[in-house]
Amino acid sequence: MSVYEQLKALNIELPSPAIPAAAYVPYVQTGNLVFLSGHIARKDGKVWAGQLGRDLQTADGQQAARAIAIDLMGTLQHAAGGDLGRVRRIVKLMCLVNSTGDYTEQHLVANGCSELLGQVFGDAGTHARSAFGVAQIPLGSCVEIELIAELA
């Protein structure tokens, strides 16, 4: 099944890339690698704010990470000239989780993004990953994720 067939089966429509809120660009390509800037969690068109371990539970964080995966794919599609079929591999994710000092399930939060990328891209969606707990993310977002992909 193609990437677009998978997206359709999952009832996912990709958004247009968000306009950066500061002095950076949504992505940079060097050679066959494209580096996507961090995307923050959004829910109902607004920043999904909160802290894991205080305001939000792991399942909430996983949903936020899944929502970010959809936004990342929208940006990646733009970076790939409108064709996600050019994605050879999702190389790496870095997931930052706004969490309390005693919260230790950042890796499970990141699964919300990782699992969706695996569903959509199959073997090409398996990737290396880091997940960190941080004291704060811009605009109070609960999760921020950046992505590196290889294009054909």
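Quick caveat, the model's predicted, so the values are computed rather than measured.

Participant: Explanation requested: the sheet that holds strand β6 (residues 128-134) in the structure shown.
Facilitator: Across a sheet, paired strands are connected by hydrogen bonds in the backbone, their directions being either parallel or antiparallel. In space, the five strands of this open sheet follow the order β1-β2-β7-β5-β6, with mixed pairing throughout. Of all the strands in the sheet, the pair left with one neighbour each is β1 (27-30) and β6. When the angles between neighbouring strand axes are averaged without regard to direction, this sheet yields 15 degrees. Where β1 lies against strand β2 (residues 33-40), four bridges are found, and the strand directions are antiparallel. For Val28, the partnering residue across the bridge sits in β2 and is Phe35.

Participant: Quick question: what am I supposed to make of the packing of aromatic side chains here?
Facilitator: Describing an aromatic ring pair means giving the distance of the ring centres and the angle of the ring planes. One pass over the full model with this rule turns up zero aromatic pairs. The ring of Trp48 has Lys43 sitting right over it, with the charged end atom 4.6 Å from the ring centre.

Participant: Would you explain the side chain of Ser130 in this entry?
Facilitator: Its place among the elements puts Ser130 in strand β6. Owing to a relative accessible area of 17%, Ser130 belongs among the buried residues under this scheme. Apart from the residues lying within four places of it in its own chain, the contact partners of Ser130 are Lys92, Leu93, Met94 and Cys95.

Participant: Can you walk me through the nonpolar core in this structure?
Facilitator: Nonpolar side chains tend to gather and get buried jointly when the protein is soluble and globular. Counting residues in each nonpolar core, the largest one holds 40 residues, and the members touching the most others are Leu76, Phe121, Val143, Ile145 and Leu147. When residues of this core are traced back to their parent elements, those giving at least two are α1 (3-9), β2, α2 (58-79), β5 (87-98), α3 (106-121) and β7 (143-151). Examining the composition of this core, we find that nine residues originate from one element, α2, more than from any other.

Participant: Can you walk me through the pattern of salt bridges in this structure?
Facilitator: Two side chains bearing opposite charge may form a pair once their charged atoms approach each other closely. Applying the stated rule across the entire model yields two salt bridges. For Arg54, the salt bridge identified is with Asp55, shortest N-O distance 2.7 Å. Classification of Asp55 as partly exposed rests on a relative accessible area of 44%. The closest approach of N and O atoms between Glu150 and Arg88, which form a salt bridge, is 3.3 Å. Here Glu150, found in strand β7, pairs with Arg88, found in strand β5; they are 62 residues apart in sequence, far enough to count as distant. With relative accessibility at 24%, the residue Glu150 sits in the partly exposed group. Given the relative accessible area of 46%, Arg88 is considered partly exposed.

Participant: What is the right way to read the pairing of β7 from this model?
Facilitator: The side chains of a regular strand alternate between the sheet's two faces. In terms of burial, β7 is largely enclosed, as seven of its nine residues are buried. Sheet analysis places β2 next to β7, joined by six bridges and oriented antiparallel. In the sheet register, Leu36 faces β7, and the bridge partner there is Leu147. The pairing of β5 with β7 spans nine bridges and is antiparallel. By the bridge assignment for β7, Arg89 is matched with Glu150.

Analysis parameters
- Residues numbered from 1 in each chain as written.
- Predicted model: local features only at pLDDT ≥ 70, side-chain atom pairs only at ≥ 80, totals over all residues.
- Heavy atoms only, no water.
- Pairing = 2+ DSSP bridges.
- Helix = DSSP H or I, 4+ residues; strand = E, 2+ residues; numbered from the N terminus.
- Axes fitted to C-alpha atoms, helices over the stretch in contact; angles between N-to-C directions.
- Phe/Tyr/Trp six-rings, centres within 6.5 Å; stacked < 30°, edge-to-face > 60°.
- Lys NZ or Arg CZ within 6 Å of the ring centre and 35° of its normal.
- Buried < 20%, exposed > 50% of the residue type's maximum accessible area, 1.4 Å probe, protein only.
- Contact = heavy atoms within 4.5 Å.
- Core = buried A, V, L, I, M, F, W, Y, C linked by side-chain atoms within 4.5 Å.
- Salt bridge = Lys/Arg side-chain N within 4 Å of Asp/Glu carboxyl O.

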